[in-house]
Amino acid sequence: MSTPARSIGVAVIGAGMAGRAHLAGYRAASTLTGGAYGETPPAVRLVAVADAHEPFATAAAARYGYQRAETSWQAVAQAGDVDAVSVAVANPLHREVVEGLLAAGKHVLCEKPLAPSVADAEAMVAAAAARPDLVAAVGLTFRRSPAICAVREQVTGGRLGAVRHFNGRYWCDYAVDPAAPMSWRYEGGPGSGALADVGSHLVDLGEFFCGPVGSVRGTVFSTVTTSRPRPLGAVVGHAAAAVGERFEDVGNEDLATFTATFAGGATGTFSVSRVAHGLPNGLGFEVFCENGAAAFDLDRTGEFTTTGATAPGAADTYRRVLVGPEHPYVAGGLPMDFPGVGHGQNDFFTFQCRAFLDEVAGGPGTPIGALPVVPPLSHGLHNLRVLDAITRAAGTGVETVPLD
Ligand SMILES: NC(=O)c1ccc[n+]([C@@H]2O[C@H](COP(=O)([O-])OP(=O)(O)OC[C@H]3O[C@@H](n4cnc5c(N)ncnc54)[C@H](O)[C@@H]3O)[C@@H](O)[C@H]2O)c1
């Protein structure tokens, strides 16, 4: 096995929930070998983790084996030994950090949603266009799920036929407790809540199967808890924390439902929530097609179910498919790459980090092995445009039924 001439120095900005997944992902990325990954993994140096809260940076650097901890993204931008950087901070910070990193000549992998507004995302895409020599990608991580990609192969390979209906849900319970601490996730206007946080993933998956959304309608937003207590200290992700007596207004939605018509003719029905009792991470969907259907549930990451196409008549009911080496990402991508061994959402980040590093090693737009590249910032901009249309559809087309 040959080694690339120069190793890639990586850093992660933000050592919260997502940042830790990136830190772990880079650590494992060059262990993926064979199968879709090719025989020459990029050589990686784990250089820095930056978090404005110093204890998070220091603990994460020690935990994941990075050379140093920083407390500002600027320190990473200025570092001569860093080549590629993940941005995993609150959405309103994405633009400033990504633009600063690109200006400093760093390859960037930015978390979703790309920005808090379409205008910010457009500026980020322009900044990336000014540096075509750099990889600038957006992390829509569920595109790296082996089972979701296996379902997509059923669709794009023609077995199931044309998609007629995508039905998706992303139901979480992180905000179900009214005493859950105020955080950046609850700030911003309509559309910046559950829709941006988890709906960004679900909309992207709808398009993963059905192609681009053509129109949206019927959006309903609801905010169940309208004010939340300030935390007394730093909080990771949407974890519980000790809170004080000062409350702040919640600016965005706890749940959203909407429908879409895809340009290819399929219909989409969507439901997202952060106040769904008992469901910490309830992503699931069905894809109903001309000759059959398939379904996925994130609680059962290593499998999907499908019906139709090969088992007609009375046997034509849903059957379970265990994801294994015949499916994307598994062969060479897991230490035990056998069917039924299982894997989890954290592995999606490893697969994503690896694809990003492959592109950094080969140049923008160049996959190495059989992995698709991580979508560019323009894809994140498109995602935001769909979210923006969904948000605008909350204010139009409402029909009122008179009370009897
Ligand atoms: N792809 C996924 O599945 C996924 C999952 C979770 C979060 N995310 C995304 O990742 C991003 C971060 O979310 P999170 O849940 O990890 O948030 P988080 O609040 O847990 O972590 C953010 C971290 O950024 C730090 N920070 C704040 N200001 C900073 C600054 N100026 N410089 C450096 N660090 C700073 C905070 O101290 C905190 O540790 C968001 O865009 C979110 O949408 C994606």
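Higher on the page you've got the structure.
A quick note: this is a predicted structure, and the numbers were derived from the prediction, not measured.

## Quick word on the overall build of the protein chain
So, point 1. Looking only at helices and strands, one finds 9 helices and 16 strands in the protein chain.
So, point 2. Scaling as 2.2 N^0.38, a compact globule of 404 residues should have a C-alpha radius of gyration of about 22 Å, and the protein chain matches this with 21 Å.
So, point 3. Seen through its C-alpha atoms, the protein chain measures out along the principal axes to roughly 70 × 55 × 40 Å.
So, point 4. Split into buried and exposed, the 404 residues of the protein chain put 50% on the buried side.
So, point 5. By sequence separation, contacts in the protein chain at least 24 residues apart represent 70% of the contacts at least 6 residues apart.

## Description of the sheet that holds strand E3 (residues 68-70)
The strands making up a sheet associate through hydrogen bonds between their backbones, and the pairing can be parallel or antiparallel.
So, point 1. Ordered in space as E3-E2-E1-E4-E5-E6, the 6 strands form an open sheet in which the pairing is parallel. Here the strands that pair on one side only, and so sit at the sheet edges, are E3 and strand E6 (136-139). Taking the axes of each pair of neighbouring strands and ignoring which way they run, one obtains an average angle of 20 degrees across the sheet.
So, point 2. Of the strand pairs in this sheet, strand E1 (residues 8-13) and strand E4 (residues 84-87) are connected by 4 bridges, and their pairing is parallel. Following the sheet pairing, valine 12 is matched in E4 by serine 86.
So, point 3. Each of E1, strand E2 (44-50), E4 and strand E5 (107-111) is contacted by helix H1 (residues 17-29), which is oriented at about 165 degrees to E2, the strand it contacts most.
So, point 4. Sitting on the sheet, helix H4 (residues 94-103) is in contact with E1, E4, E5 and E6, with an inclination near 170 degrees to E5.

## Comments concerning the nonpolar core
One broad trend across soluble globular proteins is that nonpolar side chains are buried collectively.
So, point 1. Within the largest apolar cluster, 125 residues are counted, with the highest numbers of intra-cluster contacts made by Ala11, Ile13, Val49, Val287 and Phe356.
So, point 2. Looking at this core element by element, the count peaks at 10 residues for helix H7 (residues 194-210).
So, point 3. For this core, the two domains that each supply at least three residues are domain 1 (8-142 + 347-375) and domain 2 (146-300 + 302-343).
So, point 4. Ignoring anything within four residues of it in the chain, the contact list for valine 287 reads Val151, Val155, Val163, Phe166, Phe209, Ala293 and Ala294.

## Let's talk about H1
So, point 1. Over its 13 residues, H1 runs 19 Å from end to end, which matches the ideal 18 Å to within 8%, given 1.5 Å per residue.
So, point 2. For H1, the tally of buried residues reaches 10 of 13 residues, placing the bulk of the element in the interior.
So, point 3. Taken residue by residue, H1 has Ala18, Gly19, Arg20, Ala21, His22, Leu23, Ala24, Gly25, Tyr26 and Ala29 as its buried positions.
So, point 4. Looking at the buried side of H1, the elements it contacts are E1, E2, helix H2 (54-64), E4, E5 and helix H8 (345-362).

## Overview of the site of the ligand
So, point 1. Taken together, 26 residues form the shell around the ligand, and within it Gly16, Met17, Ala18, Ala52 and Glu111 come nearest.
So, point 2. For the shell around the ligand, the element with the highest residue contribution is H1, accounting for 3 residues.
So, point 3. Shared between two domains, the shell around the ligand holds at least three residues of each, these being domain 1 (8-142 + 347-375) and domain 2 (146-300 + 302-343).

Rules of the game
Residues numbered from 1 in each chain as written. Predicted model: local features only at pLDDT ≥ 70, side-chain atom pairs only at ≥ 80, totals over all residues. Helix = DSSP H or I, 4+ residues; strand = E, 2+ residues; numbered from the N terminus. Rg over C-alpha atoms; globule rule 2.2 N^0.38 Å. Buried ≥ 20, exposed ≤ 12 C-beta atoms within 10 Å, placed from the backbone. Contact = placed C-beta atoms within 7 Å. Pairing = 2+ DSSP bridges. Axes fitted to C-alpha atoms, helices over the stretch in contact; angles between N-to-C directions. Core = buried A, V, L, I, M, F, W, Y, C linked by C-beta atoms within 7 Å. Domains from an automatic or database assignment. Expected span 1.5 Å × (residues − 1). Near = placed C-beta within 6 Å.

Note that all results are geometric; they support no functional claim without further evidence.
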